[in-house]
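# Structure at a glance
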Amino acid sequence: MKVTIEPSWEVALEKVFQQDYFKELASFVKDEYSNGKVFPPGKEIFNAFWHCPIKKVKVVILGQDPYHGPDQAHGLSFSVKPGTPFPPSLLNIFKEIKSDLGKDMPPNGDLTRWADQGVFLLNATLTVKATLAGSHQKKGWEQFTDEVIRKISNSQPHVVFMLWGAYAQKKEELIDESKHLILKAPHPSPLSAHRGFLGCKHFSQANSFLISKGLEPIEW
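Remember, predicted model here, so these are calculated numbers, not experimental data. (Residues numbered from 1 in each chain as written. Predicted model: local features only at pLDDT ≥ 70, side-chain atom pairs only at ≥ 80, totals over all residues. Heavy atoms only, no water.)

With that out of the way, let us pick up helix α9 (residues 202–212). Turning to α9, its buried residues are H202, F203, A206, N207, F209 and L210. The buried side chains of α9 occupy one side of the element, clustering within an arc of 160° when seen end-on. Among the exposed residues of α9, those pointing more than 90 degrees away from its buried face are I211 and S212. Positioned one or two residues after α9, G214 has a phi angle of 80°, which is positive. (Buried < 20%, exposed > 50% of the residue type's maximum accessible area, 1.4 Å probe, protein only. Helix = DSSP H or I, 4+ residues; strand = E, 2+ residues; numbered from the N terminus. Arc of directions from axis to C-beta.)

In structure tokens:
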């Protein structure tokens, strides 16, 4: 089966796409799109990969599910399309950037500008049925995105992994701590942000690490 994905990722994941579980996942996802409303739009499922070829990945921010409301999800974790109100978690991310780096709130929640600098905005599950959070979990996406995290860890020299919340922190075992920086905090959701996400200073820490490795910092 031919998956339309950025060429460097196509090479890196070639064997994954040939595995039975991925073929079953692809068939399931295709049926879901044929039979109802699914987010993000089909052509944007692999948006994070298109904006961030594997050799350009500097930072990984891991989400869980795409947003399941209209005009929100577009294939980048936590990001929403221009004109869409900031979801609460994204608002807290911008609040932390303001506190950490003094940067004002941006005009929109489209994080494509981060992705183009090497911030890989990966959701563990890449699709979701409209209005039904978690509806495409445990169908094979998690196995696929775990393999993506492993590929980044194994092939790249110095990457910052931001793991927010218990779900993301379970992925720590996939990452080689000897060469990458792992930053952990509670999830930016209003339910948990005040327990340590706000004040975590992950954005300045990420840039300090990148600069120490001779890499360009991210313009957050």
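This next bit is on the layout of surface pockets. Considered as a void within the structure, the largest pocket measures approximately 580 Å³ in volume. As for the largest pocket, its lining consists of 32 residues, of which Q64, D65, Y67, F78 and H187 are closest to the centre. Here the element with the most residues in the lining of the largest pocket is helix α8 (residues 165–169); it accounts for 4 residues. Tallied by class, residues from the lining of the largest pocket come to 17 nonpolar, 14 polar and 1 charged. Empty space within the second largest pocket amounts to approximately 400 Å³. What lines the second largest pocket is a set of 17 residues, and nearest its centre among them are K2, V3, T4, I45 and F46. Per element, the largest residue contribution to the lining of the second largest pocket is 7 residues, and it comes from helix α3 (residues 20–35). (1 Å grid on protein atoms, 1.4 Å probe; cavity = no way out; pocket = protein on both sides within 12 Å on 5 of 7 lines; lining within 4 Å. Points joined across faces, edges and corners; volume = space filled by probe spheres on them. Nonpolar A, V, L, I, M, F, W, Y, C, P; charged D, E, K, R; others polar.)

Further remarks concern the side chain of N123. By the secondary structure assignment, N123 is in strand β3 (residues 119–123). A distance of 3.4 Å separates the side chain of N123 from the backbone nitrogen of Q64, its partner in a polar contact. Not counting the four nearest positions on each side in its chain, N123 is found in contact with G63, Q64, D65, P66, L76, S77 and T145. (Polar contact = N/O pair within 3.5 Å; in protein donor to acceptor, adjacent residues only side chain to side chain. Contact = heavy atoms within 4.5 Å.)

Contact pair α3 / helix α7 (residues 141–155): the axes reach a minimum separation of 9 Å and the direction vectors enclose 125°. By the angle class used here, α3 and α7 are oblique. Handedness of the α3/α7 crossing: left-handed. Every residue of α7 that contacts α3 at Y21, F22, L25 and V29 is listed here: W141, Q143 and F144. Residue composition of the contact of α3 with α7, grouped by class: 6 nonpolar, 1 polar and no charged. (Axes fitted to C-alpha atoms, helices over the stretch in contact; angles between N-to-C directions. Parallel < 35°, antiparallel > 145°, perpendicular 65-115°, else oblique. Left-handed = near helix turned anticlockwise from the far one by under 90°.)

Taking 1.5 Å as the rise per residue, α7 with 15 residues should run 21 Å; its terminal C-alpha atoms sit 21 Å apart, in good agreement. By the burial criterion, the buried members of α7 are W141, E142, F144, T145, D146, V148, I149, I152 and S153. (Expected span 1.5 Å × (residues − 1).)

The residue K95 is located in helix α5 (residues 88–101) in this model. Since its relative accessible area comes to 42%, K95 is described here as partly exposed. Separated by 103 residues in sequence, K95 and L198 place their C-alpha atoms 7.7 Å apart. Aside from chain neighbours lying at most four places away, what touches K95 is M105 and L198.

On to the pattern of salt bridges. A full pass over the atoms with the stated rule returns 7 salt bridges. The salt bridge partner of D146 is K171, with a shortest N-O separation of 2.7 Å. Residue D146 is located in helix α7, and its partner K171 is located in the loop between α8 and β6 (181–185); the two are separated by 25 residues in the primary sequence. Each member of the pair, D146 together with K171, is buried. Ionic pairing is found between R150 and E147, a salt bridge with its closest N-O pair at 3.1 Å. Of the two residues, R150 and E147 are both situated in helix α7; the distance of 3 residues between them amounts to about one turn of the helix. (Salt bridge = Lys/Arg side-chain N within 4 Å of Asp/Glu carboxyl O.)

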